[in-house]
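The residues making up each chain are set out below.
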Amino acid sequence: MEPGGLKNVDTVEIPAVPVFSWSVGNFMEKFFDGLKDGKLMGIKCPKCGRVYLPPRMICERCFTENEEWVELPLEGTVESFTIAHVKVGDDGELEDLETPETIGMVKHKGADTCIVARIEGLDPADAGVGMRVTVVIDKSAENILDVLSHYVPC
Amino acid sequence: MQDVAVIGVGLSKHVSKRRDVNIAELVYEAVSAAYDDAGVSPRDMDAVITGNMPAFEGVNMPELWGAGHWGAYGKPLLRITTGGTTGGSVVHGAFYAVASGMFDTVIAISFEKQSDGDTTMGLNSVGIADFAAILHFGTDPEFLVSAGGGAIGIVAYQATSYMKSSGCTTHHYDKVAAMCRSNAARNPYAHLKQPDITPEDVAKTDMMEYPLRFGHCCPATDGACAMIITSADKAKKMTGRPAYIKSCASCSDEAAIIGIFGGGPAHLDPCSQEGCKKAAEKAYKLAGIKEPRKEIDVAEPYAPFANQLLMFYERLFLCDEGEAPAVLDSGSMEIDGELPVCPSGGVISTNAIGASAMERIAECALQIMGKAGEHQVNKDVHNAVAHGWGGALNLNVVAVLGDTPRR
């Protein structure tokens, strides 16, 4: 048979709706509870002292269980950033953003890891590494993942 | 090739919904228990081998999320996923790694957190691949739905065929379910524990899909299992009583297509399970087992459905074909019987799918090491056989464990 010679090709649509319900776990549970109180909670490795934000159960380098909760300042420093020009629309397709958005990796003093979130209230052209930003917490957000809303320049 | 041994086993709590932990944290319970049991730490591991069902939790690469929680930081990491056989294949992978001499000590980890995921969707991801094959044969995919959905829709054919070939009745399936669930009641890591259940109770449960009733079917479980596997030389120095993995063998049979070939590969008889026989033959040969009926002291066949315990007991050559129902009636399979079967309670009592085939091997190891506690069998265990069934219905994995290395 010549390549492409087969004619019996059918297109079948299979409707499928997957439903997942991921548990955030003990540690992210406390992180979200902290946010709702207006606090940014990280966790410290008892062995090497690294502070994880967001928190996680295990310090992977030491393989120890993290126990000591640390409240971190709401201000942080942009370690790296990008500027987004498209977003995923409700139909799952990419669509152009009306105005480009800045997304930063923010390190809070005392933490050894970064949080990635949108930085609002600035012209993306003004974004830069080393910039100081403050986290904006929206306690009334319907979705738990939206309580840490975004960052704004200090 | 170096001899291989198990020096530690760890299990998480197994229940239907672990909302208090995420996937990485759930698996950590089993992993840390295994390290503690063996008296080792991640520092002693040369590699980490893990696996779970593809797509079940909707997390595509959970091993990369969990790696650090399981002691894999800075180590070689490998994921193996082969359907229902996954946990068995993970141990086979660990066995190959150590036996080859590439690594001395590895941790094998398997798990499933079914409550986080969408099991039907997960099975559909297997089924959707089958749609293509079904269309190949010119069959309308709607036929798949009418042929029966999910795992039970596959196993129902095996159960009917087995009744025909062995002459047993559904009463035997009721007895198997009651035996396993009461064994599970002795196992702190089992999910469905029914100490006082009778075959009559099972017979009263709802019919799911002929000839299988609700009581003949496994639950959906959140749970994890981990095993520390090392060379026999190291094992002797690290523990007084290791469980040696004498052999691992697997067999991929002809591809099975759900809805066309029923519950088995492309044979007329879905309960023939030739692949299991081939894997078992090879495993016994490698292990130096000549007469499995006399030499095997405990068996852990993979049986999420009651009928499969009898079918696979035969395909593992523990009795003649068609004789398993009579062996069951004799009481020999009971936990205090001559050749106890599924003293752990089996997959019919606890099914964290990706972990289930490993938990068969783990149970054999615990029985040999004398660490099974309340469900320790009432006899010396010199050799035990563990089995897994999965793939796209066509993969069987068999491992023989013993209290001495291979001769």
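Quick caveat: nothing in here was measured; it's all calculated off a predicted structure.

Analysis parameters
Residues numbered from 1 in each chain as written. Chains lettered and ligands numbered in written order. Predicted model: local features only at pLDDT ≥ 70, side-chain atom pairs only at ≥ 80, totals over all residues. Helix = DSSP H or I, 4+ residues; strand = E, 2+ residues; numbered from the N terminus. Buried ≥ 20, exposed ≤ 12 C-beta atoms within 10 Å, placed from the backbone. Contact = placed C-beta atoms within 7 Å. Rg over C-alpha atoms; globule rule 2.2 N^0.38 Å. Axes fitted to C-alpha atoms, helices over the stretch in contact; angles between N-to-C directions. Parallel < 35°, antiparallel > 145°, perpendicular 65-115°, else oblique. Pairing = 2+ DSSP bridges. Core = buried A, V, L, I, M, F, W, Y, C linked by C-beta atoms within 7 Å.

Q: Explain the overall build of chain B to me, please; I cannot follow it from the model alone.
A: When its secondary structure is counted, chain B shows 14 helices and 11 strands. Counting every position in chain B, which comprises 407 residues, the buried fraction comes to 62%. For chain B, the proportion of contacts with a sequence separation of at least 24, taken over those separated by at least 6, is 80%.

Q: What exactly am I supposed to notice about the overall build of chain A here?
A: Within chain A one finds 1 helix and 10 strands. Listing the helices and strands of chain A from first to last along the sequence gives α-β-β-β-β-β-β-β-β-β-β. Taken against the 2.2 N^0.38 rule, which gives 15 Å for 154 residues, the C-alpha radius of gyration of chain A at 21 Å runs more than 25% over that of a compact globule. For chain A, the spread of C-alpha atoms along the principal axes amounts to about 65 × 40 × 35 Å. Taken over 154 residues, chain A has a buried fraction of 21%. In chain A, the share of contacts with a sequence separation of at least 24, taken over all contacts with a separation of at least 6, comes to 48%.

Q: Got a minute to help me understand unusual backbone geometry in this structure?
A: Most peptide bonds are trans, and most residues other than glycine sit at a negative phi. With omega at -5°, the peptide bond leading from Leu53 of chain A into Pro54 of chain A counts as cis. By the secondary structure assignment, Pro54 of chain A is in the loop between strand S2 (51–52) and strand S3 (58–59). Following Tyr210 of chain B, the chain continues into Pro211 of chain B via a peptide bond in cis, with omega recorded as 0°. Relative to the helices and strands, Pro211 of chain B is located in the loop between strand S5 (207–209) and strand S6 (212–213). For Gln273 of chain B, which is not glycine, the phi dihedral falls at a positive 45°. With respect to the helices and strands, the residue Gln273 of chain B is situated in the loop between strand S8 (243–252) and helix H10 (274–287). By C-beta crowding, Gln273 of chain B is classed as buried, having 29 other C-beta atoms within 10 Å. The phi dihedral of Phe317 of chain B is positive, around 60°, even though this residue is not glycine. Inspection of the secondary structure assignment puts Phe317 of chain B in the loop between helix H12 (306–315) and helix H13 (324–330).

Q: Any chance you could explain the packing of helix H7 (residues 170–184) of chain B against H12 of chain B here in plain terms?
A: Packed helices, taken two at a time, are described by the angle between their axes plus the distance between the axes. All names here are of chain B. At their nearest, the axes of H7 and H12 sit 7 Å apart, and the two run at 95° to each other. Relative to H12, the element H7 is oriented roughly perpendicular. Between H7, through His172, Tyr173, Val176 and Ala177, and H12, the contact on the second element is made entirely by Ala306, Asn307, Leu309 and Leu310.

Q: Could you clarify how one ought to interpret the sheet that holds strand S1 (residues 40–44) of chain A in this entry?
A: Strand pairing in a sheet relies on backbone hydrogen bonds, with the paired strands running either antiparallel or parallel. All names here are of chain A. Reading across the sheet, the 3 strands line up as S2-S1-S5 and stay open at both edges, with antiparallel pairing between neighbours. Each edge of the open sheet carries a strand with a single partner, namely S2 and strand S5 (68–72). As defined by bridge partners, S1 adjoins S5 across 5 bridges and the pair is classed as antiparallel. The residue bridging Ile43 from the neighbouring strand is Trp69, located in S5.

Q: What should I look at first to understand the sheet that holds strand S9 (residues 298–300) of chain B in this one?
A: Residues and elements named next belong to chain B. With mixed pairing, the 9 strands of this open sheet are ordered in space as S3-S2-S4-S7-S1-S8-S11-S10-S9. Sheet topology places strand S3 (77–79) and S9 at the edges, where each strand pairs with a single neighbour. On average, each strand axis in the sheet is inclined to that of its neighbour by 25°, with strand direction left out of account. With 9 bridges joining them, strand S4 (residues 105–113) and strand S7 (residues 222–231) adopt antiparallel strand pairing. The residue bridging Phe111 from the neighbouring strand is Ala224, located in S7. On the sheet, H10 packs against S8, strand S10 (383–390) and strand S11 (395–402) and is oriented at approximately 145° with respect to S8. Helix-sheet contacts for helix H14 (residues 353–369) involve strand S1 (4–11), strand S2 (47–51), S4, S7, S8, S9, S10 and S11, and the interaxial angle to S10 is about 175°.

Q: Whenever I open this one, the pairing of S1 of chain A confuses me. Can you help?
A: Two faces make up the sheet, and in a regular strand the side chains alternate between them. Residue and element names in this part refer to chain A. With 4 of 5 residues buried, S1 is to be regarded as a mostly interior element. As paired strands, S1 and S2 are joined by 2 bridges and run antiparallel to one another. The residue bridging Ile43 from the neighbouring strand is Tyr52, located in S2. Where S1 folds back onto S2 in an antiparallel hairpin, the turn is made up of 6 residues, including Gly49, whose phi is positive at roughly 80°.

Q: Can you help me understand the nonpolar core in this one?
A: Residues and elements named next belong to chain B. Membership of the largest hydrophobic core comes to 157 residues, with the highest contact counts inside it found for Val27, Val106, Ala108, Met227, Ala365 and Leu401. Looking at this core, the element that brings in the most residues is H14, giving 11 residues. Leaving out residues up to four positions away in the same chain, Val106 has contacts with Met45, Asp46, Ala47, Val48, Ile49, Ala94, Ala97, Val98 and Ile229.

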